[in-house]
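# Coordinate analysis (summary)
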Amino acid sequence: MKPIDLKAFDFTAPAPLEIADLTTLDEADKNQLLMAGVDVSAEAVSGTYMHMNHGAVHCKSRQKGVEILDIKTAMDKYDGLKEYYWKLIDPDKDEFTRAAADNLHGGYFIRTEKGAKVTEPVQSCLFIKGDNIGQSVHNIIVVEEDSELHIITGCSAAHESKGSAHMGISEFYVKKNAKLTFTMIHNWAENTVVRPRSAGVVEEGGVLLNNYVLLKPVSDLQMYPTITLAGKGAVARFNSVMVAPEGSHVDTGNRIILAAPETRGETIARTITTGGTIIARGHIAGNAVPARGHLECKGLILGGGVIHAIPELEATVDGVELSHEAAVGKIAQEEIEYLMARGLDQEEATSTIVRGFLNVDIMGLPAKLQKVIDDTIKECEKDMF
Amino acid sequence: MLSIENLHVTIGEREVLKGINLEIKENETFILFGPNGSGKTTLLMTLMGFGNYTITDGRIMFRGHDITHATIYERARLGIGMSFQRPPTIHGLKLRQMVQMAAQGREIDVDALAKRVNMTDFLERDVNAGFSGGEIKRSELLQLMAQQPHMVLFDEPESGVDLENMKLIGNTVRELLGGECGMTIERSLRMAKCSRNVAGLIITHTGYILEYINADRGQVMYEGKLCCESNPRDILDHISRFGYQECLRCLA
């Protein structure tokens, strides 16, 4: 990939005005957002945050127990968020963190109350519309002790754009016995360059379930979130589903650090290339006992492209149990024939196997979102066979 | 129902079936015996239409259609249903969905069918993932019950099955072969007898399945040819006493 020249992008244009009612967005934008998991009608959600280009345009909490603020507002309100802001990520890590630190456009601050079980998901959206926009956001999620929260983040770029860049810093704090489900859906454009930088820490008895879905083209995406299981019994699980068509360069993975006894980390990645390049990384470090980690990366090459799986296990103490399983290949003829023997034609059989392979069901997403994802998978199947 | 004429089949370079002639009529169950490697499974796989089996000569007619070169799904849709001996695991596909798909758009009560073969707890599991021998058989039967085939191909219904499961499997195979309509959504006495004609082709080594079904005819496959047509029980008795070698004599 050619290096990204951040100077080519505009990070300084004024922020857009508030959009009080997201249903007033035009149909093309709404559709683009829906594909990124954001339902502007905001049914069955506990709150919505939307960020467009260089500023927040909508921020609303509809349920008690969860606070949703634009990060700038939150910094004013909570004395600069000293406990959380840039605590897990070094702003000098690379030019992208630097750009995000220098040009804070917004982002969300979402925090639960202690003990609050927030049943409906919070949806958030980071949207880019316009030419050569450079967007940098900083998100902070704090799930307080004994509380539960599901956040769906959709990231999207309008299609007519001549190009855009997204830098996103995310810091996750899952406190004692809290549970965060974080689902991120990327629906960028063919010419978007994307550099999220994320890290999280899970305290004793906490659970972080991270889902990632990328089914649409993107120019160049690279991310490698790191989660530290810092407290006894903490659990992290990453499920990723990625499809890279021709022109997409996707370099993703995640790192789980088992830093306390009785922690468990699991990474499951399903990748398909239909002409693009996917570098699927994974790293589990076991630094305490007992601790268990499993990495699973499976890829299908359907019509050209490259899949490069790089699973890493790093154990530093006696008694740690780490394993990995990686496979890159094609759809087994035997499986297709089995389904055909039940009356499915070749195409139905193949697409059934592909959908099973991607196995989005495992994420337990809301029905409406699941349907959008199923439809999107169906749409990308035309590139597969 | 099924008529096979002078069927020659090769796998790779090797000719495995060397001129098979076989006719199976409606409501008839045909039992296939034979030593390992004689070509029995090849015959079943060829009838289902699998890719690795090349027909070099001969013809297969099924319900009035020449299916010699038909695709697997065309055969399935015409009514050939096969119970696989070692089916692959389909990750991410639940058994419930698989059964629903096998019904080909007919309305079925998946839960009721699953209950009959004791597979209720497996409906939400990935197809064949970690299934034991008996569970695979029951899962295959469940799919066939949904499929309602006119011709049941069954490769060794006994293999890997304990005695209690054998009874369940045997009885279910009998019901399948009886074309019983209780497999569909309504089940009442009036419906219990169905007009659907079903035939069967079953491979067995042990003959346990014969305890449960009415098998009319049988034959021994030996080195790619069929021989010794007789009542299946007599064939079994003969094989257990004299072995397969004796078969060569009737071939001659």
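Residues numbered from 1 in each chain as written. Chains lettered and ligands numbered in written order. Predicted model: local features only at pLDDT ≥ 70, side-chain atom pairs only at ≥ 80, totals over all residues. Heavy atoms only, no water.

### Overview of the overall build of chain A
Along its length, chain A carries six helices and 20 strands. Its C-alpha atoms give chain A a radius of gyration of 20 Å, near enough to 21 Å, the size a compact globule of 385 residues would have. In chain A, buried positions account for 61% of the 385 residues. Excluding contacts between residues fewer than 6 apart, the proportion of contacts in chain A whose partners are at least 24 apart in sequence is 85%. (Helix = DSSP H or I, 4+ residues; strand = E, 2+ residues; numbered from the N terminus. Rg over C-alpha atoms; globule rule 2.2 N^0.38 Å. Buried < 20%, exposed > 50% of the residue type's maximum accessible area, 1.4 Å probe, protein only. Contact = heavy atoms within 4.5 Å.)

### Re helix 1 (residues 40-48) of chain B
Residues and elements named next belong to chain B. Within helix 1, eight of the nine residues are buried, which leaves it mostly tucked inside the rest of the structure. Of the positions making up helix 1, those classed as buried are Lys40, Thr42, Leu43, Leu44, Met45, Thr46, Leu47 and Met48. In the segment just after helix 1, Gly49 is the residue with positive phi, at about 100°.

### Overview of the domain arrangement of chain A
All names here are of chain A. We note that the domain assignment places domain 1 (22-223), domain 2 (232-250 + 258-330) and domain 3 (332-385) within chain A. For the pair domain 2 and domain 3, the summed buried surface comes to about 1100 Å²; carbon and sulfur atoms form 76% of the total. Applying the counting rule to domain 2 against domain 3 returns zero salt bridges. For the pair domain 2 and domain 3, the number of links is two residue pairs in polar contact (both at pLDDT 80 or more). (Domains from an automatic or database assignment. Buried area = accessible area lost by both parts, 1.4 Å probe. Salt bridge = Lys/Arg side-chain N within 4 Å of Asp/Glu carboxyl O. Polar contact = N/O pair within 3.5 Å; in protein donor to acceptor, adjacent residues only side chain to side chain.)

### Remarks on the side chain of Glu67 of chain A
Residues and elements named next belong to chain A. Its place among the elements puts Glu67 in strand 3 (residues 66-70). According to the relative accessible area criterion, Glu67 is buried, its value standing at 19%. One polar contact links Glu67 to Tyr78, side chain to side chain, over a distance of 2.8 Å. Leaving out residues up to four positions away in the same chain, Glu67 has contacts with Lys77, Tyr78, Phe109, Ile110 and Arg111.

### What about the side chain of Arg197 of chain A?
All names here are of chain A. The residue Arg197 is located in strand 10 (residues 192-202) in this model. Separated by 3.0 Å, the side chains of Arg197 and Gln222 make a polar contact. Among all residues touching Arg197, those that are not within four sequence positions of it are Ile89, Lys93, Asp94, Phe96, Thr97, Gly168, Ile169, Ser170, Gln222 and Met223.

### Some thoughts on unusual backbone geometry
All names here are of chain A. In this structure, Pro290 follows Val289 across a cis peptide bond, with omega equal to -10°. Here Pro290 is to be found in the loop between strand 17 (277-286) and strand 18 (291-301). Here the phi dihedral of Trp86 falls at roughly 60°; this positive angle occurs in a residue that is not glycine. With respect to the secondary-structure elements, Trp86 resides in the loop between helix 2 (71-77) and helix 3 (95-102). A relative accessible area of 13% places Trp86 in the buried class. Even without being a glycine, Glu262 presents a positive backbone phi close to 60°. Considering the arrangement of structural elements, one finds Glu262 in the loop between strand 15 (249-258) and strand 16 (263-274).

### Some thoughts on the interface of chain A and chain B
Residue-level contacts link 18 residues of chain A with 28 residues of chain B. Across the interface of chain A and chain B, roughly 1900 Å² is buried in total on both sides, 61% from carbon and sulfur atoms. On the chain A side of the interface with chain B, the three residues burying the most area are Glu337, Tyr338 and Arg342 of chain A, jointly 39% of the side's total. Our enumeration of links across chain A and chain B arrives at two salt bridges. The residue Arg77 of chain B makes a salt bridge to Glu348 of chain A at a minimum N-O spacing of 3.3 Å. On inspection of chain A and its partner chain B, the count reaches 13 residue pairs in polar contact (both at pLDDT 80 or more). Those elements that provide at least two residues to the side of chain A that touches chain B are helix 4 (333-340) and helix 5 (346-358) of chain A. A breakdown of the residues in the side of chain A that touches chain B according to their chemical character gives seven nonpolar, five polar and six charged. (Nonpolar A, V, L, I, M, F, W, Y, C, P; charged D, E, K, R; others polar.)

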